[in-house]
Structure formats: C-alpha cells, structure tokens
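# Structural overview
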Amino acid sequence: MTPWQALAIVVLGLSGVAAFGLAPDTVLETVPTRLVQRALALPELAALPSSQRIYWREERVRRGDTIGSLLARANVDDAPALTYMRTDSAARPLYQLRPGRPVRVAIDDDGRLLALRFVTGSGELLALARNGDTFTAASAPPPVETRVTLRAGEIRSSLFGAADDIGLPDAVTLALAEIFAGDIDFYHDLRRGDAFSVLYETRYVDGEAVGTGRVLAAQFVNRGTTFHAYLWRAPDGTEGYYASDGKSTRRAFLRSPVEFSRITSGFTQARFHPILQTWRAHRGTDFAAPTGTPIHATADGVVTQTGREGGYGNVVMLKHGGTYATVYAHLSRFAQGLRVGAHIRQGETVGYVGQTGWATGPHLHYEFRIAGDARNPMTVALPTAFPVAPEQRAAFDAAIAPLLHELAVAQAMPGGRVAASN
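Given the structure is predicted, the values throughout are model-derived calculations rather than measurements. (Residues numbered from 1 in each chain as written. Predicted model: local features only at pLDDT ≥ 70, side-chain atom pairs only at ≥ 80, totals over all residues. Heavy atoms only, no water.)

## With respect to the packing of aromatic side chains
Tallied over the full model, the rule gives nine aromatic pairs. With centroids separated by 5.4 Å and ring planes inclined at 25 degrees, the aromatic side chains of Tyr84 and Phe135 adopt a geometry described as stacked. Note that Tyr84 is positioned in helix α3 (residues 79-87) and Phe135 in strand β5 (residues 134-140), a separation of 51 residues in sequence. Residue classification places Tyr84 among the buried residues on the basis of a relative accessible area of 12%. Through pairs of rings, three or more aromatic residues link up here, namely Phe180, Phe196 and Phe220. Of note, Arg147 hangs over the ring of Tyr204, and the distance from its end group to the ring centre comes to 3.9 Å. (Phe/Tyr/Trp six-rings, centres within 6.5 Å; stacked < 30°, edge-to-face > 60°. Helix = DSSP H or I, 4+ residues; strand = E, 2+ residues; numbered from the N terminus. Buried < 20%, exposed > 50% of the residue type's maximum accessible area, 1.4 Å probe, protein only. Lys NZ or Arg CZ within 6 Å of the ring centre and 35° of its normal.)

## Comments concerning the sheet that holds strand β21 (residues 349-352)
Here we have three strands laid out as an open sheet, ordered β15-β21-β19, and antiparallel in their pairing. Each edge of the open sheet carries a strand with a single partner, namely β15 (294-296) and β19 (333-334). Bridge count between β19 and β21: two bridges; the pairing is antiparallel. Note on β21: the bridge partner recorded for Phe334 is Gly351. (Pairing = 2+ DSSP bridges.)

## Description of the environment of Asp373
Looking at the element boundaries, Asp373 is found in strand β23 (residues 373-375). C-alpha of Asp373 to C-alpha of Tyr324: the two residues are 49 residues apart in sequence and 9.3 Å apart in space. At 3.4 Å, the side chain of Asp373 forms a polar contact with the side chain of Arg375. (Polar contact = N/O pair within 3.5 Å; in protein donor to acceptor, adjacent residues only side chain to side chain.)

## A few points about the nonpolar core
For soluble globular proteins, the rule of thumb is that nonpolar side chains tend to be buried together. Counting residues in each nonpolar core, the largest one holds 24 residues, and the members touching the most others are Ile295, Leu318, Tyr328, Val350 and Leu364. Within the residue set of this core, elements represented by two or more residues are β17 (313-320), β18 (324-331) and β22 (363-370). With four residues, β22 is the largest single contributor of residues to this core. (Core = buried A, V, L, I, M, F, W, Y, C linked by side-chain atoms within 4.5 Å.)

## Quick notes on the pattern of salt bridges
This model, assessed by the stated rule, comprises 15 salt bridges. Glu367 is the salt-bridge partner of Arg369, the closest N and O atoms lying 2.8 Å from each other. For Glu367, a relative accessible area of 4% puts it in the buried group. Residues joined in a network through salt bridges with shared partners are Arg57, Glu59, Asp65 and Arg73. (Salt bridge = Lys/Arg side-chain N within 4 Å of Asp/Glu carboxyl O.)

## Remarks on the sheet that holds strand β3 (residues 113-119)
Either a parallel or an antiparallel arrangement is found when strands of a sheet pair, and the pairing is made through backbone hydrogen bonds. Reading across from one edge, β1-β2-β3-β4-β5 is the order of the five strands in this open sheet, with antiparallel pairing throughout. On the outer flanks of this sheet lie β1 (55-60) and β5, each paired with one strand and no other. With strand direction ignored, the average angle separating the axes of adjacent strands in the sheet is 15 degrees. Pairing analysis gives five bridges linking strand β2 (residues 102-107) to β3, with the strands arranged antiparallel. Counterpart to Ala106 in the pairing with β3 is Ala115. Of the strands in this sheet, β3, β4 (125-131) and β5 touch α3, which is tilted by about 45 degrees from β5. (Axes fitted to C-alpha atoms, helices over the stretch in contact; angles between N-to-C directions. Contact = heavy atoms within 4.5 Å.)

## Focus: the pairing of β3
The buried fraction of β3 amounts to six of the seven residues, a majority that puts the element mostly inside the structure. Counted between consecutive antiparallel strands, the loop separating β2 from β3 contains five residues, among which Gly111 sits at a positive phi close to 80 degrees. As paired elements, β3 and β4 share five bridges and run antiparallel to each other. Of the residues in β4, the one forming a bridge with Phe118 is Leu126. Hairpin geometry of β3 and β4 is characterised by an intervening segment of five residues between the two adjacent antiparallel strands and by a positive phi of about 90 degrees at Gly123.

Okay, structure coming up:
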C-alpha cells in the first residue's frame, strides 16, 4: 500500500465518523425485519370504454417550471388545453406556480387533459374541466378537511430540535410550550431524555396539508414527572386545557404583563426615588420597554379605574375576583374601548407603555395586590385557574378517555415516535 492510499483510507474513515457520529450513550439495536409480498388484482382497464378510462396524476411544481413543462411531465399532450390556459383569464393562476405546490391532472388514453385541480397562492381551489372541445375554469374557497395527527418525540438538545426531528409544525411546538408553561420552564428545566407526545388538528385541502388547528391533548415527561393536558370545552363555550384530575394547566395570572422587556426596578421596601430624591418603598416592578409596547392583562378581571392619577400618570386598575387586583401605570395611552366595568380576558391589551406621571423613561410600573396589600409580582405564589366544575367532571372524564388512549399509543411505539393521521 502506498502512502497516498493509506492517507486516502484515513480521510475516508474520518469522514465516516463525521457523517455518522452518534450521541453519547446511544444504544444500537438490531431490528428484525421480514419481507411481506402479496399480489394485488389490477383493474381491467382495457375492458372499459375509452371514455371511462381516466388517469389521475399529481405533479409537484419544480423550480423553473412553466405550466407547459409541468403538464408535459404529466404526459399531457393537448395543444387546445394549453391554448385555453394561455388565453382565458380564469386560468391565469396557473402562470403563478410556486415550487413544491401540487398540481393534479386527469388525462385519457390519448393524453388529452380532462380535468385539473390546483390550490392557488391565495388559497383558492382552481378547478379546470373539459366538456367536449371546450374548457371551463373556476376558483372557489376549497373545502377544508380536518384530521387528527399524533406525534411524539424525545428531547436531545432542545424542544424545537426534537420537534424538527419529527416534523412537528412550529405553531404546534409553540402551543405545546404555552400549555405546559405553568409547570415547565422550557429554558432551564429540560433534560436530555425528556419525552412528549401531542395530538393536534391538521387542516387539509384537496388532500394537501395546509395548516394546523388546535392541540387536543398532550403529554410531557420532564425529569421523570409526567404532565398531561386535555382540551375541554365547557357548556358555556369557554375552552381551556386541564390535567387528568380536572385541574387547569393555566396559571390564573401571568408573571409579566409585557413581552420582550427587562426589569429596571424591582419590588423593595427602600428605593431611592429618582424624582423625589428620597428613600421610599417601591410597591411594584418596573418593566422597561419602548413607548407604545402593548401591555397585557395578567389575568381575567374587571376594570375598576382608568384615567390619570398623580405619580401613576395614566393608569389602569383591574380587580380579579374578591381578593386580587393589578395596577398598570405610566401608560402612553389606553386600549381602544377600555372603560370602567369592562370585563378583560387574560392576555388582552389594556394599554401601551409610556412615560406619564413620575417616570424618567418609558416603562410600565406593575403592581400585584392581595386584599389591598402590594406583593412582589415576581415571587408571589400565583394561583391556578379554576378547575373543571364538579358537575362537569363526568362529561370531562368521558371526553378525555379516547385522548388518553391516543397518547398511550404514542408511548408504546418503539423509540416513542409516531406520526399518524385519521
């Protein structure tokens, strides 16, 4: 063996290590396989009249495709059809093809185009049909079919990494993180080997997946503890996620009323006031954010005050049941339509960050009060939302029983991964 041959073998060997490297503690299992073959009877097409021999074919749009090249790939040989598509405005969406989109065509024995179906960029279904020697084309909102999809994965690096491994849509991943946010800190609590399974709706148009709907059920195993969440629609029409025992997975209060912000001043009994130039208690938390940043109600409640008040500037106060209240101060403006007595839902915008009242820069001053006494909103124990009502428990248990079975299917699969639709 020459030195150059030895070098080539070493390089190839190192390349193999790089391409097929295994994570630590990975166990390779020999999976038994068995080949199963069965002859299937094909339809006797030759016995059918030529007018009944219709062949449907699907082609995916490739980069650089024209409608002519795509139809040629689908074995369409029909000059009158191409002429119609070039000249009739109803068929114009066929000249705005996007790579990856499917086009379904029906042809006869002679390659004549009998029908065509295509979901346009605007989301409408374009249907082209042949009637003798003439063609018609029409676009209409497509019928949407909702199917249920089950997927499961295992954490190896991050939640999004595991979701990508199993093809879980980002919208479902975000919903999963939101559902379990009250129990799991997805930035700090995740560990390698944690596992999850999720049952969610997928919307289909003409057999093609076009989007996702609601998460129906989910399970997350974090550090050996298993959490469940099931979507439940109460008789009054409200929806929420609940554990197997009927307790809500949602906290009654959000920890922060402003997204993408930083705390500039915390809750303390002694702070040097930048305007009054004296030491005094600071009964809330200040969140710095640009003027105009939306401020969200941290819980369902009723507006008890909205207007201008001394050092608070523009302020909104909400009451939550008989014990809790929250205060949002220094607002630049209030949410449109906000008024005393209005019922507010958690996450709804109540106003926008500003610098009114005693403020040296744009920020939100947020207070959390229990029985009128201000508490630190960053450390106070937050209550959970109301559980399923006792009179609804039987209906709730019956509704989640099939969902329990679906999640069990995911956990029973080898490796914990399955992707199924029905």
